[in-house]
Amino acid sequence: MSAALPTSSREWHLVARPHGWPKAEDFALREAPVTAPGEGRVLVRNLYFSVDPYMRGRMNDVKSYTPPFKLDHPMEGGAVGEVIASNAEGLAVGDHVLHGLGWREYADVPAEHAVKVDASLAPLSAYLGVLGMTGLTAYAGLFEVASFKEGDVVFVSGAAGAVGSQVGQMAKLKGASRVIGSAGSDEKVKLLVEEYGFDAAFNYKNGPVAEQLREAAPDGIDVYFDNVGGEHLEAAISSLNLHGRVTVCGMIAQYNATEPTPGPRNLALVIGKRLRIQGMLVGDHAALQPQFVQDVAGWLASGELKYRETFVEGIENGFDAFTGLLRGENTGKMIVSLA
């Protein structure tokens, strides 16, 4: 065990189920007592926690692949922090760990749910993004789900986000013949081409997606990595070549919709083109973790893989960070810093 522990911790609770866009009154920042960890547990001072698009779905009381957030309980999500008290073998005070109890200053974590991370390999925040769940999502979604092969033309929506920016770069590193990205601002488009090495990119707010995609990929596309849904998915179906593959990772365009959103109007093309459209959850691809870490750590060390993070400082700004993410205010991974 360690020296004097803090007596209280601030944590974000969901207090009402959002209808449409989340509002400030749906959330509350509350104080909770901190106690010494029980047998097999550690107390972690969170340094960074993640806000991610999938969390919007967990705010709804619907049956899904992951249980909804409970009302009047702290929300959850990826976090990385420092062990300040340990009652578990194998984890010592001062160790840095990755765990799932974000949205709070201090977390009482079962040792089996805490993964030791090495601050000398990469900055700690990277374990929430490029070396974490978002990085593995990009890696598994491109190589396993989309069956990427050398020479493919790849289109990524939400391409300046944490997942999309990694997908495009990984495709280039593995021999894509052309990589195209869409993003929501001219600054992000510039970043995709100049920093991340995309062959082409466009701002989807500047005109119909289908037209801009046809211009960027005159010979069609082989793989579409979908983070957005809606108009983007319809445009991709039109541009996909024979035996094209789609990884459906997210559909952020409709997460806050209060009415059912129309599906692509050109789904009949799936038949003639023999397209494969497959949804993905990163949890199904845990077996890839060792290979993923090896590959990505190598690309980071060589400077071949670049990443951006957007930091929002202070736990009191957690809600703003989350809604900012939904509005696309981040470039790369959106992270709340408590360091």
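The structure we're discussing is the one just above.
Just so you know, these numbers come straight off a predicted model, no measurement behind them.

(A) Region of interest: the overall build of the protein. When helices and strands are tallied, the protein shows 9 helices and 15 strands. Relative to the compact-globule value of 20 Å for 339 residues, the protein shows a C-alpha radius of gyration of 21 Å, a close match. For the protein, the spread of C-alpha atoms along the three principal axes comes to 65 × 45 × 35 Å. Considering only residue pairs separated by 6 or more positions, the protein has 68% of its internal contacts joining residues 24 or more positions apart.

(B) Region of interest: the sheet that holds strand β12 (residues 240–248). The sheet built from 6 strands is open, its strands ordered β10-β9-β8-β11-β12-β13 with parallel pairing. Where the open sheet ends on each side, the last strands, each with one partner, are β10 (200–203) and β13 (276–279). Within this sheet the neighbouring strands show an average axis-to-axis angle of 15 degrees, counted without direction. Set on the sheet, helix α3 (residues 162–173) makes contact with β8 (153–156), β9 (178–183) and β11 (221–226); between it and β8 the angle comes to about 170 degrees. Sheet strands touched by helix α5 (residues 209–216): β8, β9, β10 and β11. Its angle to β10, the strand with the most contacts, is close to 160 degrees.

(C) Seen up close, the layout of surface pockets. Considered as a void within the structure, the second largest pocket measures approximately 160 Å³ in volume. The wall of the second largest pocket is formed by S9, E11, P33, V34, T35, L43, P74, L101, R104, Y106, A107 and D108. Counting residues per element, the ones that place at least two in the lining of the second largest pocket are β1 (8–14) and β6 (106–110). Of all the elements, β6 adds the most residues to the lining of the second largest pocket, at 3 residues. In terms of residue class, the lining of the second largest pocket is made up of 7 nonpolar, 2 polar and 3 charged.

(D) Region of interest: the packing of helix α2 (residues 133–145) against α3. Where α2 meets α3, the axes come as close as 8 Å, and the angle between the chain directions of the two elements is 45 degrees. It follows from the interaxial angle that α2 and α3 lie oblique. Between α2 and α3 lies a crossing of right-handed hand. In contact with T134, G135, T137, A138, Y139, L142 and F143 of α2, α3 contributes A162, V163, Q166, V167, M170 and A171. Among the residues making up the contact of α2 with α3, the classes are represented as 9 nonpolar, 4 polar and no charged.

(E) Highlighting the nonpolar core. Counting residues in each nonpolar core, the largest one holds 44 residues, and the members touching the most others are V154 and V296. Contributing elements (two or more residues each) for this core: β3 (41–50), α2, β8, α3, β9, α4 (186–194), β11 and α8 (289–302). Broken down by element, the residue count for this core peaks at 6 residues, all from α2. If you look at the next biggest cluster of nonpolar residues, it comprises 21 residues, including M55, A79, I315 and L338.

(F) Broad picture of empty space enclosed by the protein. All told, the structure shown has 1 cavity of 30 Å³ or more when counted by the stated rule. For the largest cavity, the calculated volume is near 60 Å³. G129, V130, T134, A162, S165, Q166, Y307, R308, G332 and K333 together form the lining of the largest cavity. Each residue belonging to the lining of the largest cavity can be placed in one class, and the counts come to 3 nonpolar, 5 polar and 2 charged.

Cut-offs applied
Residues numbered from 1 in each chain as written. Predicted model: local features only at pLDDT ≥ 70, side-chain atom pairs only at ≥ 80, totals over all residues. Heavy atoms only, no water. Helix = DSSP H or I, 4+ residues; strand = E, 2+ residues; numbered from the N terminus. Rg over C-alpha atoms; globule rule 2.2 N^0.38 Å. Contact = heavy atoms within 4.5 Å. Pairing = 2+ DSSP bridges. Axes fitted to C-alpha atoms, helices over the stretch in contact; angles between N-to-C directions. 1 Å grid on protein atoms, 1.4 Å probe; cavity = no way out; pocket = protein on both sides within 12 Å on 5 of 7 lines; lining within 4 Å. Points joined across faces, edges and corners; volume = space filled by probe spheres on them. Nonpolar A, V, L, I, M, F, W, Y, C, P; charged D, E, K, R; others polar. Parallel < 35°, antiparallel > 145°, perpendicular 65-115°, else oblique. Left-handed = near helix turned anticlockwise from the far one by under 90°. Core = buried A, V, L, I, M, F, W, Y, C linked by side-chain atoms within 4.5 Å. Buried < 20%, exposed > 50% of the residue type's maximum accessible area, 1.4 Å probe, protein only.

Geometric descriptors of this kind do not, in isolation, establish any biological role.
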